[in-house]
Amino acid sequence: MNPIRQKLLDWYDESARDLPWRHTRDPYAIWVSEVMLQQTRVDTVIPYYQRFLERFPTPEALAEAEEDAVLSHWSGLGYYRRARLLHAGVREVVSQYGGEVPEDEEARRALPGIGRYTAGAIGSIAFDKEEPIVDGNVTRVLARLFRIDTPVGASTTTKRLWEEAGRLVPGERPGALNQALMELGATVCAPKQPRCEACPVSRDCAALAHGEVAALPVPRPRKPPRQVKLTAVIATRGRGTKKSVWLVKGKQALFGGLWGVPMSEGEAQGALREAGLRARLHPEPHALIEHTLTHRRLQVEVFRASAAHGSDTPSRRLFHPEALAGVGVSSLTRKILSTADL
Ligand code: SF4
């Protein structure tokens, strides 16, 4: 037998947490638990799982329920799409398979809401099938154990992870083996500061041997920020020391809740119009500013407009430059205003 496999099983038998869904082989209950556990912490899921199965103890009970009743038992868990898909999947099990979750892997994976992971969890735990599973916890364990150094999410990485998981799962108690991998990721092989000294497979771990534990798994590359071109207008009224500038709040200011100069993705005149201002617009931009937000890189052409007038409202006001220090102004607007002689 694969020595890693045996160590994982022995460790799981000794150390696994006692969780309610580990007392059942009912494929429906395991399905419910797996769907709830996606994106939600174990401690949060436990009471929901218990209440859900009390109210909907069988596939038939869930299939007959109205969607509102199902969602109300999900209320607080979030990601309601999961609940709708579970409901749809279970209805199909009742209508197509007489209420029996299919043992056949292909049939299981054809059900709404069941991907490769959920199918594998149900197959291995409920039906003792040698079907692998790969989730976030398993990814971390396998990437470290086998020193997989390509980014998470890349197709080569995904393929390799499923292959490694697929090599470990064959043999006795495939469901326990899969749960051991998940449990190790959840309790020992943590993202930060894994407890390698308590790990049953530390002697087999390639990342530990190469001092690369902290570097693995390699995170998925961040999406480059989206480029957005904007036009901003410094609209002023008055001259000399009496010169003031119009700022707007809310949608037009791009940064909800903060004051900003009128801005638009279109022309400068449009920015003024959207802000409800009339002004003498200087036809040429006088500055070009780059500004990076979390997901956007802004390129802002800055125009000037004078003799600007409009009415004062809660979301549109004329500010004297000295008053700006005490109000919430977006950092982009501060940058823009710094280009003008106010
Ligand atoms: Fe994870 Fe450390 Fe165990 Fe390797 S030795 S699998 S890094 S806990």
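Values in this document were obtained by computation on a predicted structure and should not be read as measured data.

Colleague: Looking at this structure, I do not really get the pattern of salt bridges. What am I missing?
Modeller: Close approach of charged atoms allows side chains of opposite charge to pair. By the definition in use, this model includes 12 salt bridges. Among the ionic pairs, Arg160 bridges to Glu164, the shortest N-O distance being 3.1 Å. Here Glu164 and Arg160 lie together in helix H10 (residues 155-168), a separation of four residues that amounts to about one turn. Taking the relative accessible area as the measure of exposure, Arg160 reaches 29% and is therefore partly exposed. By relative accessible area, which is 8% here, Glu164 ends up buried. The residue Glu164 makes a salt bridge to Arg167 at a minimum N-O spacing of 3.5 Å. Taken together, the residues span about one helical turn, with Glu164 and Arg167 both in helix H10 at a distance of three residues. Residues joined in a network through salt bridges with shared partners are Arg17, Arg22 and Glu183.

Colleague: Sorry if this is basic, but what is going on with the site of the ligand here?
Modeller: The environment of the ligand is made up of Arg144, Val188, Cys189, Cys196, Cys199, Ser202, Cys205, Leu208 and Val213. Here the shell around the ligand is composed, by residue class, of seven nonpolar, one polar and one charged.

Colleague: Can you help me understand the domain arrangement of the chain in this one?
Modeller: By a widely used convention, the size of an interface equals the accessible area lost when the partners come together. Under the domain assignment, the chain is made up of domain 1 (3-132 + 151-181) and domain 2 (226-337). Computed over C-alpha atoms only, the centres of domain 1 and domain 2 are separated by 52 Å.

Colleague: What's the story with the packing of helix H1 (residues 3-15) against helix H11 (residues 174-187) in this structure? I'm lost.
Modeller: The relative placement of two packed helices is expressed as an angle between their axes plus a distance between the axes. For the pair H1 and H11, the least separation of the axes is 9 Å and the interaxial angle reads 75°. The orientation of H1 with respect to H11, classified from their angle, is roughly perpendicular. On H11, the residues touching Arg5, Leu8, Leu9, Trp11, Tyr12 and Ser15 of H1 are Pro174, Ala176, Leu177, Gln179, Ala180, Leu181, Glu183, Leu184 and Thr187.

Colleague: How do you make sense of the packing of aromatic side chains when you look at a structure like this?
Modeller: Two numbers describe a pair of aromatic rings. These are the distance of the centres and the angle of the planes. Applying the stated criterion to the full structure yields four aromatic pairs. Cluster of aromatic residues (ring-pair linked, three or more members): Phe52, Phe56 and Trp74. For the cation-ring pair, Arg51 lies above Tyr48, with the distance from its terminal atom to the ring centre recorded as 4.9 Å. It is Arg116 that lies over the ring of Trp162; its NZ or CZ is 3.9 Å from the centre.

Colleague: When you look at unusual backbone geometry in this model, what are you seeing that I'm missing?
Modeller: Among all residues except glycine, the phi angle is most often negative; among peptide bonds, the trans geometry is most common. Look at the link from Leu216 to Pro217: it is a cis peptide, with omega at -5°. Within the secondary structure, Pro217 is located in the loop between helix H12 (206-209) and strand E1 (226-237). Backbone geometry places Arg173, a non-glycine residue, at a positive phi of 50°.

Colleague: How should I be thinking about helix H8 (residues 116-127) in this particular structure?
Modeller: Residues lying three or four places apart along an α-helix face the same way, a consequence of the helix completing one turn every 3.6 residues. With 12 residues, H8 ought to run about 16 Å at 1.5 Å a step, and its terminal C-alpha atoms sit 15 Å apart, in line with that. Most of H8 sits inside the fold, with 11 of its 12 residues counted as buried. Taken residue by residue, H8 has Tyr117, Thr118, Ala119, Gly120, Ala121, Ile122, Gly123, Ser124, Ile125, Ala126 and Phe127 as its buried positions. Those residues of H8 hidden inside the fold are in contact with helix H2 (27-37), helix H7 (105-109), H10 and H11. Asp128 sits one or two residues past H8 and shows a positive phi near 60°.

Colleague: Sorry, what's going on with the environment of Ile114 here?
Modeller: Here Ile114 shows up in the loop between H7 and H8. Separated by 60 residues in sequence, Ile114 and Pro174 have C-alpha atoms that sit 19 Å apart.

Colleague: Would you take a moment to explain the side chain of Arg82 for this structure?
Modeller: Along the chain, Arg82 falls in helix H6 (residues 80-97). The buried charged residue Arg82 lacks any salt bridge, with Glu34 as its nearest oppositely charged partner at 9.8 Å. A polar contact of 3.2 Å, which involves the side chain of Arg82, links it to the backbone oxygen of Leu77. Discounting chain neighbours no more than four positions away, the residues touching Arg82 are Val35, Met36, Gln38, Gln39, Thr40, Trp74 and Leu77.

Colleague: Explanation requested: the environment of Met263 in the structure shown.
Modeller: Within the secondary structure, Met263 sits in strand E4 (residues 263-264). A sequence separation of 33 residues divides Met263 from Leu230, and the C-alpha atoms of the two residues are 6.7 Å apart.

Cut-off values and rules
Residues numbered from 1 in each chain as written. Predicted model: local features only at pLDDT ≥ 70, side-chain atom pairs only at ≥ 80, totals over all residues. Heavy atoms only, no water. Salt bridge = Lys/Arg side-chain N within 4 Å of Asp/Glu carboxyl O. Helix = DSSP H or I, 4+ residues; strand = E, 2+ residues; numbered from the N terminus. Buried < 20%, exposed > 50% of the residue type's maximum accessible area, 1.4 Å probe, protein only. Near = heavy atom within 4 Å. Nonpolar A, V, L, I, M, F, W, Y, C, P; charged D, E, K, R; others polar. Domains from an automatic or database assignment. Axes fitted to C-alpha atoms, helices over the stretch in contact; angles between N-to-C directions. Parallel < 35°, antiparallel > 145°, perpendicular 65-115°, else oblique. Contact = heavy atoms within 4.5 Å. Phe/Tyr/Trp six-rings, centres within 6.5 Å; stacked < 30°, edge-to-face > 60°. Lys NZ or Arg CZ within 6 Å of the ring centre and 35° of its normal. Expected span 1.5 Å × (residues − 1). Lys, Arg positive; Asp, Glu negative; His and termini not counted. Polar contact = N/O pair within 3.5 Å; in protein donor to acceptor, adjacent residues only side chain to side chain.

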